[in-house]
Every structure is written in structure tokens, then in C-alpha cells.
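Letter by letter, the chains look like this.
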Amino acid sequence: MAKIIVVTSGKGGVGKTTSSAAISTGLALNGFKTVVIDFDVGLRNLDLIMGCERRVVYDFVNVIKQEATLNQALIKDKRTDNLYVLPASQTRDKDALTQEGVEAVLNELSESFDYIICDSPAGIEKGAQMALYFADMAIVTTNPEVSSVRDSDRILGILQSKSRRAERGEAVDEFLLLTRYNPSRVEAGEMLSVSDVEEILAIPLLGVIPESEAVLKASNAGVPVILDSDADAGQAYDDAVQRLLGKELEHRFLQAPKKGFFQRILGGR
């Protein structure tokens, strides 16, 4: 049986889809057959970040409505073996997702995949509720700012009360992924620190992704940033995947780079 992992947040624009693409790619690179599903019906961004938007013929809703088979809708990633994408529909309403339909698709995928990554929409609308309901594990993605962290805390409440596991008296494994982290801004008091966020959410820290231009460049190029091994963000996502797989690694990119002598003299310019 596959492990179902939802990548979620309470607020939009925190890097959920970027994280879904990176984590699913990382799992596939480690030899696990992985599928990543876009639950954001009506918007559909995952296929852009994965660089397969021109190959979308059928989508998640087509499969739920039995207008296409799962095999017809799955897109095999060109760069990474063992990785597949199930895109969302841009033309349907979120009500097209039914609990019975989503469960049937997940059950079929579970027969042949090791990991199912669910790229959840932000907030608590229907697409997000569907992704959260079936999760075995949740990667709660947040920026180091109060409103983002507060909204993520609300998502944790839903996971602990309205998920399938909660109904069975079981717990969803919850992990924190902190994105767009800038240690210099933390030192200046403009951002929450890692320890601040950990104290508020009180869930294990999976990874800290530094603020990086490489993320935007990778997204625009349709390449998951984890494939950029020279970028801090790519390395941080790879670290997060290794921790997900049970390895113990120290967290990197938490300290601001020290200024050299001339930078200090010139005031950091």
C-alpha cells in the first residue's frame, strides 16, 4: 500500500506546489515509485512547475467521472524515473471532487505506487478538505510570518479532527516545512525564527528552505528546484526528503552569512 502524503498550508503563496514537485521528485530519485496529484481544481499549477503542461490530455476529474482511465491521465516525468503527475482540471468546479471518486483513484494508485503526494490548495475549501481527509502524513508548509503560521495551525486542527485517520482514532504524522526563510531578516526582527514557528505549531521540523532566486528560476523553467544541486534551496529540499525517509541530518541555512571585513567597514554594501 502506498503512503499518502498531503502538502498543505492555511495560506496561499507559501510554496506548496514548489514543495510538492520537489518532494515527489526527491522520493522518485531515491528509487520509490511516486505520483504527485494536483488537487487545485480550476487553477492547475503543478503541471507548469513539473514542465508537463503541454502533455495534459486527461486530468484528475476525468478519471473521477470515468471519462478516462487512470493510465490515460497519468503523465510520466521526462527527467526522473519512477515519477508520474496527475494534473487537475482547469475547466471544472471544485465540486467535481467527490469523496467516493477521490478514494477510488487513491485506492487504484495505491496498488502500484510507493508514495502518493497530494498537492493541496490553500485553506479549507473542498479540494483542500479532500486532500487532507485521506492523508497518512501531512507536510505543513508555512512562511515565517505570523498570519501564515496562524493559518497553518488551523490546518493542524482539521487534520486532528476531520481526517480519515482521526475518524479511526489514529494520528496523521505531521511535519513542518518552513519556506522562504531569510536569516538576515530574522536577525533584523522582520521574520519569525525557526524556534518561534516550532513553538507555535509544535510539530517536528522536516526542513527549512532558504529564500532563493533559484526557486523562481526553476518554476519558470518547469524544473523542480531539487534538481538544482548547486542551489541552497535544492539542497534543502533534498535534506527534507532524506529526513522524510528516516535519516537524521542537521538543518542547514539557518544562519545569516557572516560579513567580511570590508563589508563591515562599508556598512554591508
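Structural notes, computed from the coordinates. (Residues numbered from 1 in each chain as written. Predicted model: local features only at pLDDT ≥ 70, side-chain atom pairs only at ≥ 80, totals over all residues. Heavy atoms only, no water.)

The next point concerns the overall build of the protein. Regarding its fold elements, the protein presents 13 helices and 8 strands. Computed over its C-alpha atoms, the radius of gyration of the protein comes to 19 Å, within 12% of the 18 Å expected for a compact globule of 269 residues. Projected onto the principal axes, the alpha-carbon positions of the protein cover approximately 65 × 40 × 35 Å. The proportion of buried residues among the 269 residues of the protein is 53%. Counting only contacts in the protein whose residues sit at least 6 apart along the sequence, the fraction spanning at least 24 positions is 75%. (Helix = DSSP H or I, 4+ residues; strand = E, 2+ residues; numbered from the N terminus. Rg over C-alpha atoms; globule rule 2.2 N^0.38 Å. Buried < 20%, exposed > 50% of the residue type's maximum accessible area, 1.4 Å probe, protein only. Contact = heavy atoms within 4.5 Å.)

Those residues of helix 11 (residues 213-221) lying buried are Ala214, Val215 and Ala218. Each buried residue of helix 11 lies within a common arc of 105° when the element is viewed along its axis, so the set occupies one face. Of the exposed residues in helix 11, the ones pointing more than 90 degrees away from its buried face are Glu213, Leu216, Lys217 and Asn220. Looking at the packing, one finds that the buried side of helix 11 touches helix 1 (16-29) and helix 12 (232-244). Capping the start of helix 11, Ser212 holds a side-chain oxygen 3.1 Å from the backbone nitrogen of Ala214, two or three residues further along. (Arc of directions from axis to C-beta. Polar contact = N/O pair within 3.5 Å; in protein donor to acceptor, adjacent residues only side chain to side chain.)

Let us now look at helix 5 (residues 99-110). For the α-helix, the turn length of 3.6 residues means that residues three or four positions removed from each other point alike. Spanning 12 residues, helix 5 covers 16 Å between terminal C-alpha atoms, matching the ideal 16 Å at 1.5 Å per step. Within helix 5 the residues assigned to the buried category are Gly101, Val102, Val105, Leu106, Leu109 and Ser110. (Expected span 1.5 Å × (residues − 1).)

Quick look at the nonpolar core now. Inside soluble globular proteins, nonpolar side chains tend to come together where they are buried. Core analysis: the biggest nonpolar cluster contains 51 residues, and Ile37, Phe39, Phe60, Leu97, Val102, Leu109 and Ile116 have the highest contact counts within it. For this core, the element with the most residues is helix 7 (residues 146-162), which contributes 5 residues. Non-local contacts of Ile37, meaning those with residues more than four positions away in its chain, are made with Leu46, Phe60, Leu86, Leu106, Leu109, Ile116, Ile117, Cys118 and Asp119. Among the nonpolar cores identified, the runner-up in size contains 35 residues, and Val7, Leu27, Cys52 and Tyr237 belong to it. (Core = buried A, V, L, I, M, F, W, Y, C linked by side-chain atoms within 4.5 Å.)

With that settled, the discussion passes to the sheet that holds strand 5 (residues 115-119). Read across the sheet, 8 strands follow the order 3-4-2-5-1-6-7-8 without closing on themselves; strand pairing throughout is mixed. Of all strands in the sheet, those bounded by a partner on one side alone are strand 3 (75-76) and strand 8 (205-210). Sheet analysis places strand 6 (residues 137-142) next to strand 7 (residues 173-181), joined by 6 bridges and oriented parallel. Along strand 7, the bridge assignment pairs Ala138 with Glu174. Set on the sheet, helix 7 makes contact with strand 1 (3-8), strand 6 and strand 7; between it and strand 6 the angle comes to about 165°. (Pairing = 2+ DSSP bridges. Axes fitted to C-alpha atoms, helices over the stretch in contact; angles between N-to-C directions.)

Along the polypeptide, Asn45 turns up in the loop between strand 2 (34-38) and helix 2 (46-49). Taking C-alpha positions, Asn45 is 20 Å from Gly234, a pair spaced 189 residues apart along the chain. Here Asn45 is in contact with Thr17 and Asp38, once residues within four sequence places are set aside.

With respect to the helices and strands, the residue Ser147 is situated in helix 7. Once the C-alpha coordinates of Ser147 and Met191 are considered, the two residues, 44 residues apart in sequence, prove to be 11 Å apart. Polar contacts involving the side chain of Ser147 include one to the side chain of Glu145, which spans 3.2 Å.

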